[in-house]
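Single-letter residue listing:
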Amino acid sequence: MAQPVREYQDIQGIVRSGYGRLEEASFLLLRITNLSEAKAWLAAVVEEPGAEKLSYRVTHAGHLSESHQERALQIAFSAPGLRRLRAPEELFQDGSINNFPREFRLGIAAEDPDPEGRSRRLGDIGENAPSNWEWGAPPETPDVLVMLYAEAGCLAAFQQMVMADLALGFEVFRVLGTAKAAEEGDTRREPFGFVDGISQPEIDWGAKREPGTGADLEYGNLIAAGEFLLGYQNEYGLFTKRPLLDPARDPDNILAPAADVPGQLDLGRNGTYLVFRHLEQDVSGFWSFVSKKSPGNQGVDLAEAMLGRRLSTGDPLVTASRAEIRGVGPDALDIRQNGFTYEPDPEGLTCPFGAHIRRANPRTADMPGGKQGLISWLLRALGLKRGGPRDDLLSSSRFHRIIRRGRPYGAVIDHRESVLRGKPPGVASGIYFISLNANISRQFEFIQNAWIVNAKFNGMDGETDPLLGNRVPSLGNHVTDGVSLPQPSGWGQRLAGLPQFVTVRGGAYFFLPSLRALRFFARQSGTG
Amino acid sequence: MVAAPIVPSGEADLRKLLLTMNDSPGTADPNNPLVPFGVFDTLHFARFVILNDATLSDLSVFGPEAEFPDAPIYLAFLGDCDGSADFLLADFVDRAGDGLRKIFAYCDGFNPNGDLLQWMRSHSVKPAANYVNWIGRTVLQIREEAALHEALAKYLTEYLADRSIRDKAKDQPRHIRDAFVRAVDENGPRLTPPAPTPLGWQIRRLISILAAVAAAFIVALPLLMLSAGAALLVYGAVLLIISAALAVFLVHLRRHETTDPDVQSPPKPPSDEHLAELGKLQDHDVTNQYTAFGSFKPGPFPRWTTTVIWWLVNLATPILYPRGNLARIKTIHFARWVFLDGKRGGLFASNYDGSSESYMDDFVNKVAFGLNLTFGQGVGYPRTRFLLWGGAEREQEFKDVQRRHALPTEVWYKAYPGLTLIDIARNARIRQGLERKTMTETEIRQWLSEI
């Protein structure tokens, strides 16, 4: 049986909460300039004995249940950042068993040209190519990401104070400010105007569910903690590979032992990986395109079909499922917005197959058809039961979930109206996409590659995500700029020539360490 | 498949020569001067790959007598074609003889002035098992049907551009279909009637079915010939013998599964350099190649087990999975399992749609049992339980093992870039819809929605 998560005081709070009540946020991209000062600041924010006393600290998941937090601070490191911090070299060594995973070590963007094709797989080509990024492509890679959250009106002072303290050890090479929050009581919307962050996996903190049983023949939203936190069992009932260390490396006994490898310390435990992507949205281009293509209702119908949810409420286009879905609810709003699968819509007539939310999470179970008799299970497992041409094309969702903690930036309010009135906002806007996962390649990269940018997703052809697609033709000059909107009539369902609406402007893979690991990094000897 | 040991000192030069055949990494130029794959109308896929097994040293965990220090490095030439492979081989000699001679000159004992066809025949290795996604579907058919789809899509766009026609068609989709049938009749594209499935394939399938019938007959024989009591006795005896044999097998199996030395302890992840080498060649087209090579555990048990399983795979797949899927996997165009070096080593080669990560996802989540059965006796394969469980279910360990055994495939050719199996099957349905005598209105709407 899997172990429940208990060490909340060791887990950075962002894993547990998106800090929705802290309406203001900014993300600082840092480079380490003075190692001992950098470590001194790290020691201070994790309240190491003897370290300087600051009026803020790293927020952990335990704080969230203790009291209301007026502000929050989180820290994550890129691979170059950890090396600059003098983290043990074996963590980065090729061929070592207990090193950081390769995708983290290499980073989201390789040097140009990208020989092994990570950018190709992520759709970061054409306009999205790292060579065009504002930050994140080598050598413009950040060492450290500091995330600041505060209640309305309080961020500026908080940020100023933190930046003053950082100045000794770090260079702040970019401050990514987020959008002012929507009006009180309103839901947070991304720049196109849609409610954002509706669907999240429910983390199985208490290890109440055993993954891989017959129950997984139905789609569920309660996901093993090990998918989002290192050091716990994942959806395979296994421990995701993570950085482990020899006890000799930790003379102060800071780190916890590895639960599955005797004699090793778990640097990863209670930490995870954070994928950061700076996505610029062409709000004006989006709304003028959809309103031109679908003049009725000023393009809202088309925009909703491309996203898969209603613009005004965020409700899904498909109707809620009658059966209860594990990990959804009991909140009525959650049931209305997430209590559904696409099974009642096999033709894509209600929600197009290519709609953004149907790609990003197809809500599939381990096997199509759900729970039936043993004979049926056996026939389906052996592939002996004939289904339609689209049957069983998609992987099971539970192995490919991410926690999303993104925030919008730029002019967000009323942009749609202003575009339609012919006055596009002058400021660039978009979203800082932030996702948390224990296995970057199986979670974020798989979703991005196999579902979002795959021109052949779910048996379709010549189209990628209608919102995120880069529209770059694939090998042999096959177009990818279409979108299919299945109609009962059977024809006229394909829209061609979609422009690019979202452009990648930066990004990085970070390690979001536990508080123990932060202490470990702060205390590591070898100052420079 | 043609496989011949190369002169080891020539490996680097051979690799260089092979790379000249590509127009982008991992993708052969169909018109390359050495072997212009594009001129061979019956060829679906082809590859040249150097089988240099970097995992040979794993054998040392089984003791010095298991080691194989003088294992040859093979050059393998694989192709998947319509009709007779031998005929294609002769065609290769005719039209690409000079290029092939240049390539095979790196093989041990190759005589550039000798009879090339004879040499290739003598070095051809028959796969132990073969899988074809859709038996009888030819390259010509795939290409013509893709052209048809493209033409119909264009007709449809033009057709619907006319508002009056579109309004009329709303109630009578039959009009559209009739117009399409006429247009294709008049302007093409031309559609060659489907070729009959090669006799060899039909015979193979027939033999498989006959064998199944014969087996059923033998099973039923006591019932037919003896009284009920005697038959029961015979069945009981046979059952007893089978159970005993199974028990002996399971005891051996479990002993191997629990006591065989574990190569993966400590685990051996693939090196960064190796992964970069593989990654470089992948995801240029919607289809990718996979070539994996490894050794079997020493001793007769692993080899016999694998021999029987591969034989069964070869026998059963054309019967169980003739069209569109291999168990739950719908993305494999062709696959083959080949013994080498007197069953010391084995090769698996496939062509699949999607990325390597999603291919592995299917392996782990949909057909782990199949992977365990067919590769469970390989050195370094993650520990299995009763040959069906464990193994590929150990997700990351399995992915590491298969990537470590994957070989960079220098030269890879696909006759229809941009098309996945799902595309190909859809195009075939579109053609069938066009050629059908009658269709209901619902069927026509369904048909149109695929265009």
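Computed from a predicted structure; not experimentally measured.

Here the focus is the overall build of chain B. Of regular secondary structure, chain B possesses 15 helices and 12 strands. In terms of overall dimensions, chain B has a C-alpha envelope of 80 × 70 × 45 Å along the principal axes. Looking at chain B residue by residue over its 451 residues, the buried ones come to 54%. If you take every contact in chain B between residues at least 6 apart in sequence, the share linking residues at least 24 apart comes to 79%. About 20,400 Å² of surface is accessible on chain B, with carbon and sulfur atoms providing 62% of the total. When the 47 positive and 51 negative side-chain charges of chain B are each reduced to one mean point, those points stand 6 Å apart.

Glancing now at the packing of aromatic side chains. Describing an aromatic ring pair means giving the distance of the ring centres and the angle of the ring planes. What the rule picks out here adds up to 55 aromatic pairs over all chains. A ring pair is formed by Trp135(A) and Phe276(A), whose centres lie 5.6 Å apart and whose planes are at 65 degrees; its orientation type is edge-to-face. Of this pair, Trp135(A) sits in the loop between α5 (118-122) and β3 (144-150) while Phe276(A) sits in strand β10 (residues 272-281), placing them 141 residues apart in sequence. For Phe276(A), a relative accessible area of 0% corresponds to the buried category. A centroid spacing of 5.7 Å and a plane angle of 50 degrees characterise the contact between Phe296(B) and Phe339(B), whose relative ring orientation is tilted. Here Phe296(B), found in the loop between β7 (287-295) and α10 (300-320), pairs with Phe339(B), found in strand β8 (residues 332-340); they are 43 residues apart in sequence, far enough to count as distant.

Tallied over the full model, the rule gives 61 salt bridges over all chains. Two residues, Arg249(A) and Glu90(A), come together in a salt bridge whose shortest N-O distance is 2.7 Å. With Arg249(A) in the loop between β7 (244-245) and β8 (256-257) and Glu90(A) in the loop between α3 (79-84) and α4 (102-106), the pair connects residues that are 159 residues apart, well separated along the chain. On the basis of relative accessibility, which here comes to 37%, the residue Arg249(A) falls in the partly exposed class. Here Asp272(B) ties to Arg102(A) by a salt bridge, and the two come within 3.2 Å at their closest N and O atoms.

Looking now at helix α7 (residues 199-225) of chain B. Compared with an ideal rise of 1.5 Å per residue, which puts 27 residues at 39 Å, α7(B) spans 36 Å between its outermost C-alpha atoms and is within 8% of the ideal. Val219(B) marks where α7(B) bends most, by close to 40 degrees; the proline Pro222(B) follows one to four residues later.

Here we take up the nonpolar core. In terms of nonpolar packing, the biggest core is built from 101 residues, with Trp41(A), Leu73(A), Ile75(A), Leu82(A) and Phe521(A) touching the most fellow members. Top contributing element to this core by residue count: helix α1 (residues 35-45) of chain A, with 7 residues. Ignoring anything within four residues of it in the chain, the contact list for Phe521(A) reads Lys39(A), Phe77(A), Leu82(A), Leu85(A), Ala87(A), Leu267(A), Phe511(A) and Pro513(A). Residues Cys81(B), Leu88(B), Ile103(B) and Leu116(B) belong to the second largest nonpolar core, which totals 48 residues.

So, about the sheet that holds strand β5 (residues 74-81) of chain B. Residues and elements named next belong to chain B. Read from one edge of the open sheet, 4 strands run β1-β5-β4-β12, paired in antiparallel fashion. At either margin of the open sheet sits one strand with a lone partner, and together these are β1 (2-5) and β12 (411-414). On average, adjacent strands in this sheet sit at an angle of 10 degrees to one another, irrespective of strand direction. In terms of strand pairing, strand β4 (residues 43-51) meets β12 through 4 bridges, oriented antiparallel. Counted as the bridge partner of arginine 47 is tryptophan 412 from β12. Strands β4, β5 and β12 of the sheet are contacted by helix α1 (residues 11-19), whose axis makes an angle of about 155 degrees with β4.

On to the interface of chain B and chain A, then. Of the residues lining the interface, 56 residues belong to chain B; the matching set on chain A comes to 52 residues. Taken over both partners, the interface formed by chain B and chain A buries close to 4,200 Å², and the fraction arising from carbon and sulfur atoms is 50%. Of all residues in chain B, Asp272(B), Arg328(B) and Gln396(B) give up the largest surface area on contact with chain A, accounting jointly for 16% of the area buried on that side. Residues Asp272(B) and Arg105(A) are paired through a salt bridge, measuring 2.6 Å at the closest nitrogen-oxygen approach. For the pair chain B and chain A, the interface holds 26 residue pairs in polar contact (both at pLDDT 80 or more). At the level of elements, α4 (139-161), α5 (163-171), α6 (173-187), α9 (272-281), α11 (356-365), α13 (395-405), α14 (421-435) and α15 (441-450) of chain B are the ones that each hand at least two residues to the side of chain B that touches chain A. For the side of chain B that touches chain A, the class distribution of residues is 20 nonpolar, 13 polar and 23 charged.

Residue and element names in this part refer to chain A. Along strand β13 (residues 429-437), 9 of the 9 residues are buried, which leaves the element largely enclosed by surrounding structure. Where strand β12 (residues 407-409) and β13 come together, 3 bridges link them in antiparallel fashion. Paired with proline 408 across the strands is isoleucine 431, a residue of β13.

Where interface size is quoted, it is often the accessible area lost as the parts come together. Residue and element names in this part refer to chain B. When cut into domains, chain B gives domain 1 (2-137 + 262-414), domain 2 (139-193 + 420-450) and domain 3 (199-259). Between domain 1 and domain 3, the contact holds 18 residues from the first and 14 residues from the second. For the pairing of domain 1 and domain 3, the buried interface totals around 1,400 Å² over both sides, and the portion due to carbon and sulfur atoms is 63%. Looking at the side of domain 1 facing domain 3, the largest losses of area belong to Phe301, Ile319 and Phe386, adding up to 38% of the total buried there. Linking domain 1 with domain 3 are 0 salt bridges. Joining domain 1 to domain 3, the criterion identifies 4 residue pairs in polar contact (both at pLDDT 80 or more). The set of elements that each furnish at least two residues to the side of domain 1 that touches domain 3 consists of β6 (129-132), α10 and β10 (384-385). Broken down by element, the residue count for the side of domain 1 that touches domain 3 peaks at 7 residues, all from α10.

Basis of the calculations
Residues numbered from 1 in each chain as written. Chains lettered and ligands numbered in written order. Predicted model: local features only at pLDDT ≥ 70, side-chain atom pairs only at ≥ 80, totals over all residues. Heavy atoms only, no water. Helix = DSSP H or I, 4+ residues; strand = E, 2+ residues; numbered from the N terminus. Buried < 20%, exposed > 50% of the residue type's maximum accessible area, 1.4 Å probe, protein only. Contact = heavy atoms within 4.5 Å. Areas by Shrake-Rupley, 256 points an atom, 1.4 Å probe, with all protein chains shown as cover. Lys, Arg positive; Asp, Glu negative; His and termini not counted. Charge placed at Lys NZ, Arg CZ, Asp CG, Glu CD. Phe/Tyr/Trp six-rings, centres within 6.5 Å; stacked < 30°, edge-to-face > 60°. Salt bridge = Lys/Arg side-chain N within 4 Å of Asp/Glu carboxyl O. Expected span 1.5 Å × (residues − 1). Bend = angle between axes of the 7 residues up to and from the residue. Core = buried A, V, L, I, M, F, W, Y, C linked by side-chain atoms within 4.5 Å. Pairing = 2+ DSSP bridges. Axes fitted to C-alpha atoms, helices over the stretch in contact; angles between N-to-C directions. Buried area = accessible area lost by both parts, 1.4 Å probe. Polar contact = N/O pair within 3.5 Å; in protein donor to acceptor, adjacent residues only side chain to side chain. Nonpolar A, V, L, I, M, F, W, Y, C, P; charged D, E, K, R; others polar. Domains from an automatic or database assignment.

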